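Chain by chain, the residues:
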Amino acid sequence: MSFNIDSQEDVARQLSPLIEENAEKVRLVFKYHHGKGEMTIRATDDVVCLKYKTEEHRSLYESEQLIQSAMAQMCNLSAEDLARQREKLAATIGGGKRKKKKSTKS
C-alpha cells in the first residue's frame, strides 16, 4: 500500500507507528536532486510505503531532523541520547587544531 503524503508532519505522524511495529524491516530513503531542486523521503516496510516529495529548500533542515529522529527510534535511542551523540560528534569534527608540518627546506 503506497501513500503520497503532502506534509512532513503527516510523514512523522505515520512513520512513528511504522517503526514501532517493525523497526528491523523499515527502510528509510532520503534523496536530493540538486538539478531539479527536489527532495524525496520514502519509508517502507514492504507492506506500507510512505512517500513525501517537495521542492522547498527550507524543509531540508526539517527533513534532516525527521530522519535523525527516525533513525534514533529505530536504534531505540532516547532524544537525550541522540542529543549527546550529536554533541560528541560536533566536538570531534571541529574541535581539534591541525599541527603545522615542519619545513624540510634547507
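Residues numbered from 1 in each chain as written. Predicted model: local features only at pLDDT ≥ 70, side-chain atom pairs only at ≥ 80, totals over all residues. Heavy atoms only, no water.

The helix and strand inventory of the protein stands at three helices and four strands. The secondary structure elements of the protein, listed N-terminal to C-terminal, are β-α-β-β-β-α-α. Residues counted as buried form 25% of the 106 residues belonging to the protein. Element-wise, carbon and sulfur atoms account for 51% of the exposed surface of the protein, whose accessible area totals about 8500 Å². (Helix = DSSP H or I, 4+ residues; strand = E, 2+ residues; numbered from the N terminus. Buried < 20%, exposed > 50% of the residue type's maximum accessible area, 1.4 Å probe, protein only. Areas by Shrake-Rupley, 256 points an atom, 1.4 Å probe, with all protein chains shown as cover.)

Right, let's get into the sheet that holds strand β4 (residues 49-54). Read across the sheet, four strands follow the order β1-β4-β3-β2 without closing on themselves; strand pairing throughout is mixed. The open sheet has two edge strands with one neighbour each: β1 (2-5) and β2 (27-33). Pairwise comparison of adjacent strand axes, ignoring direction, gives a mean angle of 15 degrees for this sheet. Where helix α1 (residues 8-21) meets the sheet, its contacts fall on β1, β2, β3 (38-44) and β4, and the angle it forms with β4 comes to roughly 160 degrees. (Pairing = 2+ DSSP bridges. Axes fitted to C-alpha atoms, helices over the stretch in contact; angles between N-to-C directions. Contact = heavy atoms within 4.5 Å.)

With that out of the way, let us pick up the confidence of the model for the protein. With 83% of its residues at a pLDDT of 70 or more, the protein has an overall mean of 78. Of all the helices and strands in the protein, helix α3 (residues 79-94) carries the lowest mean pLDDT, 73, while β4 carries the highest, 88. (pLDDT = per-residue confidence, 0-100.)

With respect to burial, β3 is a largely interior element, six of its seven residues being buried. Bridge count between β2 and β3: seven bridges; the pairing is antiparallel. Looking at the pairing, Lys-31 lines up with Thr-40 of β3. Counted between consecutive antiparallel strands, the loop separating β2 from β3 contains four residues, among which Gly-37 sits at a positive phi close to 70 degrees. Both β3 and β4 contribute to a ladder of six bridges, which runs antiparallel. If you follow Ile-41 over to β4, its bridge partner there is Tyr-52.

With 13 residues, the main nonpolar core has Val-11, Leu-15, Leu-18, Ile-19, Val-26, Leu-50 and Leu-66 as its most contacted residues. Counting residues per element, this core draws most heavily on α1, which supplies four residues. With sequence-adjacent residues up to four places away left out, Leu-66 is seen in contact with Val-11, Ala-12, Leu-15 and Ile-41. (Core = buried A, V, L, I, M, F, W, Y, C linked by side-chain atoms within 4.5 Å.)

This part takes up the side chain of Thr-44. Note that Thr-44 resides in strand β3. Here the side chain of Thr-44 touches Asp-46 through a polar contact of 3.1 Å, landing on its backbone nitrogen. (Polar contact = N/O pair within 3.5 Å; in protein donor to acceptor, adjacent residues only side chain to side chain.)

This paragraph deals with α1. What sets the pattern is the α-helix's 3.6 residues per turn: residues three or four places apart point alike. The end-to-end C-alpha distance of α1 is 20 Å, a good match for the 20 Å that 14 residues give at a rise of 1.5 Å each. The set of residues buried in α1 consists of Gln-8, Val-11, Leu-15, Leu-18 and Ile-19. Those residues of α1 hidden inside the fold are in contact with β1, β2, β3, β4 and α2 (59-74). (Expected span 1.5 Å × (residues − 1).)

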